[in-house]
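A look at the structure
These are the residues of each chain, in order.
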Amino acid sequence: MQNNRIQMIQFEINYTTNEVNNYMRMLYQVGDIYNKNILLNHLWEKVNYLGYLNQLMTTYIPQSQLPQKPSPTVPNITVPNKTFTKEELAKVTGKNGNPAYIAVNGVVYDVTNNAAWAAATHFGLSAGNDLTQEFKSCHPSGQRILDQLSVVGRLVL
Amino acid sequence: MTELVYSNSLMAAEGERAIQKLMDLVNSDEEFILAVEGAIATKNDGLFNIIGRWQGEPLTALKAAKMLGEKAMHIIAVGACATHGGFSAAKPNPSGSVGLQTILPDKKVIKLPGCPTHPDWFLGTLASLLMYGEIELDRRDRPLLFYSTTIHDRCPRRTYFNQGIFAKKLGEKTCLFKLGCRGPVTRTDCPTRQWDGYVNWPIGADTPCIGCAQFGFPDQMSPFISFDTTEES
């Protein structure tokens, strides 16, 4: 029943859009002001009708099915001023008493005591590297994971 | 309750007579559960892994897995090699070995990773299938009954980790994290179930977990032990 209504409204919207297009083409053709005004009036009506249909549609579609604008997540991290070059990062591998740092999306994180980074390795990856691509391929929506790590600085290229 | 039709190490028949049992099963309308141990070699039409001979020709694991997998009621991949390739698929993988799911992409394959799989994990899964017709699985098709928590979650030495008290060498009775323990990334019930007739387990023997029941083992779980490790906190 509800789907039928939505289909009917969609049909009306398509039909009205075609009418609007047609009126606009006619506007280019007619010369005298009288006919132009009549067409403009028709256009006003049709546009109002489209607005009405749009409103009707939203009352029939449950809120949950409406396209949601994704709320932008602003990572709330303060990055220390310290910067690392690739060469400097390559030294903090977690070997021989060094801390274990990794870089993701230009931010350097400390994984020295992260449980998933035993002996500064994680699923065949080693600390001291820029792992942006690897992180993306395994944790595509993984900001939550990054939020739990302590930030050490920025990676400069 | 069960009839063991074919098991290369447990059955009495041998040679083509043993394979005959498999062929009879495939050509009958019997319902059966297929449990596969070992990886499937794919190079050279699977000739790297021959499970027997049939009518004078070698029968490859590749051919047998496809043939039986298409008809099986339930499919269980037992052990690291059958679930994801395991040691057989370790670099450089000259035989092109893969896990069972790669050979049967459209089938539901219950996965029991582990090198080896704990006998309870296999028999418990089998018993659940026989009694209830199903078993609850996680996103990666592992039975939740056995694979729901990480070793780290239930580790009796967890307080040492939380306090930052780490073993520097094997045999120390504290947290083995700095030596490369894979407990935090491995999901099994080892800490509570234990091994060898419920006697002990790696951590209990003061040696790190090597992640044998995690996908990607062994390559992705290496190195198994590290001594030149991170700074003290």
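Please read all numbers here as calculations on a predicted model, not as lab measurements. (Residues numbered from 1 in each chain as written. Chains lettered and ligands numbered in written order. Predicted model: local features only at pLDDT ≥ 70, side-chain atom pairs only at ≥ 80, totals over all residues. Heavy atoms only, no water.)

The next subject is the domain arrangement of chain B. All names here are of chain B. What the domain assignment reports for chain B is domain 1 (15-145) and domain 2 (152-221). Counting residues at the interface gives 18 residues for domain 1, matched by 16 residues for domain 2. Summed over both partners, the interface of domain 1 with domain 2 buries about 1,500 Å², with 63% contributed by carbon and sulfur atoms. Residue D120 is joined to R193 by a salt bridge in which the shortest nitrogen-to-oxygen separation is 2.8 Å. Taken together, domain 1 and domain 2 are joined by six residue pairs in polar contact (both at pLDDT 80 or more). Elements that contribute at least two residues to the side of domain 1 that touches domain 2 include exactly α3 (80-84) and α5 (119-132). (Domains from an automatic or database assignment. Contact = heavy atoms within 4.5 Å. Buried area = accessible area lost by both parts, 1.4 Å probe. Salt bridge = Lys/Arg side-chain N within 4 Å of Asp/Glu carboxyl O. Polar contact = N/O pair within 3.5 Å; in protein donor to acceptor, adjacent residues only side chain to side chain. Helix = DSSP H or I, 4+ residues; strand = E, 2+ residues; numbered from the N terminus.)

Helix-helix packing: each pair is described by the crossing angle between the helix axes and the interaxial distance. Residue and element names in this part refer to chain A. Direction vectors running N to C along helix α1 (residues 2-29) and helix α2 (residues 33-60) enclose 160°, while the axes themselves pass 9 Å from each other. With respect to their mutual orientation, α1 and α2 come out roughly antiparallel. In this structure, α1 crosses over α2, and the sense of that crossing is left-handed. Taken together, the residues that form the contact of α1 with α2 break down as 17 nonpolar, five polar and five charged. (Axes fitted to C-alpha atoms, helices over the stretch in contact; angles between N-to-C directions. Parallel < 35°, antiparallel > 145°, perpendicular 65-115°, else oblique. Left-handed = near helix turned anticlockwise from the far one by under 90°. Nonpolar A, V, L, I, M, F, W, Y, C, P; charged D, E, K, R; others polar.)

With that settled, the discussion passes to empty space enclosed by the protein. Residue and element names in this part refer to chain B. Under the defined criterion, the tally for this structure stands at one cavity of 30 Å³ or more. Lining the largest cavity are 14 residues; nearest its centre among them are H152, C155, C175, L176 and C181. Along the lines of polarity and charge, the residues of the lining of the largest cavity split into nine nonpolar, three polar and two charged. (1 Å grid on protein atoms, 1.4 Å probe; cavity = no way out; pocket = protein on both sides within 12 Å on 5 of 7 lines; lining within 4 Å. Points joined across faces, edges and corners; volume = space filled by probe spheres on them.)

So, about the pairing of strand β6 (residues 150-155) of chain A. Residues and elements named next belong to chain A. Pairing of strand β1 (residues 83-84) with β6 involves two bridges; the strand directions are parallel. Residue pairing across strands places T83 opposite R154, the latter belonging to β6. The pairing of strand β3 (residues 107-110) with β6 spans four bridges and is antiparallel. When the sheet's bridge partners are listed, D110 is paired in β6 with S150. (Pairing = 2+ DSSP bridges.)

Moving on to the interface of chain B and chain A. Contact residues are listed per partner, giving 24 residues for chain B and 20 residues for chain A. For the pair chain B and chain A, the two sides together bury roughly 1,500 Å², of which 58% comes from carbon and sulfur. At the boundary of chain B and chain A, one finds zero salt bridges. Our enumeration of links across chain B and chain A arrives at five residue pairs in polar contact (both at pLDDT 80 or more).

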